[in-house]
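Remarks on the overall topology
Residue-level listing of the chains:
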Amino acid sequence: MKRLIVPFTLILAMMLSTSCTQRILDFTIVSSKNVDLSKAASFQRGKTRVADQDGAYIILIIPTGIPNLKEALDRAIEQVPGAVALVDGVISSKSWSAILVGYTAFMVEGTPLIDPSLAVETSVEDSPYKYVKLDKDGNVEESKILTKEEYEAYKADIAK
């Protein structure tokens, strides 16, 4: 009888622990952003796919939040500067549960569709490497965005 307790306990634990991923939607193009379609001819397709998810844990039977599909979509789009939508992608739901805890989430994956005019504006603002030249009065005389290599070269010249 004692030899049956361990296998029975393992089988029971496996039966109470489940996991599931379900494909909800395959899409050609999807966005949660305001997209200016008059500039659609200038949009460019990203080189790599992006993915993100929004989920919530369930402890006992109490959820710690509610998964939001729009939040998952926003996060995926915002991974690429200038992205306004995702193309050729998949929306899935994922969940798992064990005896006392579980998790449920929406997952979004796709190729970013980039508006080049927004990508330039975003990358300029987000660049950590900038060159600013001031005049005698402290006003900006010249300003430009640098690559990391250009920044390192300026830094080395100053250190000399």
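Notes on the structure in this doc start here. Small disclaimer: the values here were computed from a predicted structure and weren't measured.

About the thresholds
Residues numbered from 1 in each chain as written. Predicted model: local features only at pLDDT ≥ 70, side-chain atom pairs only at ≥ 80, totals over all residues. Heavy atoms only, no water. Helix = DSSP H or I, 4+ residues; strand = E, 2+ residues; numbered from the N terminus. Buried < 20%, exposed > 50% of the residue type's maximum accessible area, 1.4 Å probe, protein only. Contact = heavy atoms within 4.5 Å. Areas by Shrake-Rupley, 256 points an atom, 1.4 Å probe, with all protein chains shown as cover. Pairing = 2+ DSSP bridges. Polar contact = N/O pair within 3.5 Å; in protein donor to acceptor, adjacent residues only side chain to side chain. Phe/Tyr/Trp six-rings, centres within 6.5 Å; stacked < 30°, edge-to-face > 60°.

A closer look at the overall build of the chain
- Per the secondary structure count, the chain includes four helices and eight strands.
- Helices (α) and strands (β) of the chain occur, in sequence order from the N terminus, as α-β-β-β-β-α-β-β-α-β-β-α.
- Expressed as a percentage of the 160 residues in the chain, the buried residues total 24%.
- Taking the contacts inside the chain whose residues are at least 6 apart along the sequence as the reference set, 68% of them involve residues at least 24 apart.
- Of the roughly 11500 Å² of accessible surface on the chain, a fraction of 60% belongs to carbon and sulfur atoms.

Some words on the pairing of strand S3 (residues 50–59)
- Bridging between S3 and strand S6 (residues 101–114) involves 10 bridges; their strand directions are antiparallel. Bridged to tyrosine 57 within S6 is tyrosine 103.
- Here two bridges tie S3 to strand S4 (residues 62–63), and the two strands are oriented antiparallel to one another. Considered in S4, the bridge of isoleucine 58 is made with proline 63.
- What sits between the antiparallel neighbours S3 and S4 is a turn of two residues, in which leucine 60 has the positive phi angle 60°.

Things to note about helix H2 (residues 69–77)
- Among all positions in H2, only Ala72, Leu73, Asp74, Ala76 and Ile77 are buried.
- Residues of H2 that are buried sit in contact with strand S1 (18–30), S3, strand S5 (83–97) and S6.
- Near the N-terminus of H2, the side chain that reaches the backbone nitrogen of lysine 70, with its oxygen 2.9 Å away, is that of asparagine 68.

Section: the packing of aromatic side chains
- If you walk through the whole model with that rule in mind, you get three aromatic pairs.
- Look at tyrosine 57 and tyrosine 103: their rings are 4.7 Å apart centre to centre, the planes differ by 50°, and that puts the pair in the tilted class. Here tyrosine 57 is found in strand S3, whereas its partner tyrosine 103 is found in strand S6, with 46 residues between them in sequence.
- Note on tyrosine 103: relative accessible area 11%, which makes it buried.
- Between tryptophan 96 and tyrosine 103, the aromatic rings sit 6.4 Å apart at their centres with planes inclined by 25°, giving stacked as the arrangement.
- The rings of Tyr57, Trp96 and Tyr103 are connected pair by pair, giving a single aromatic cluster.

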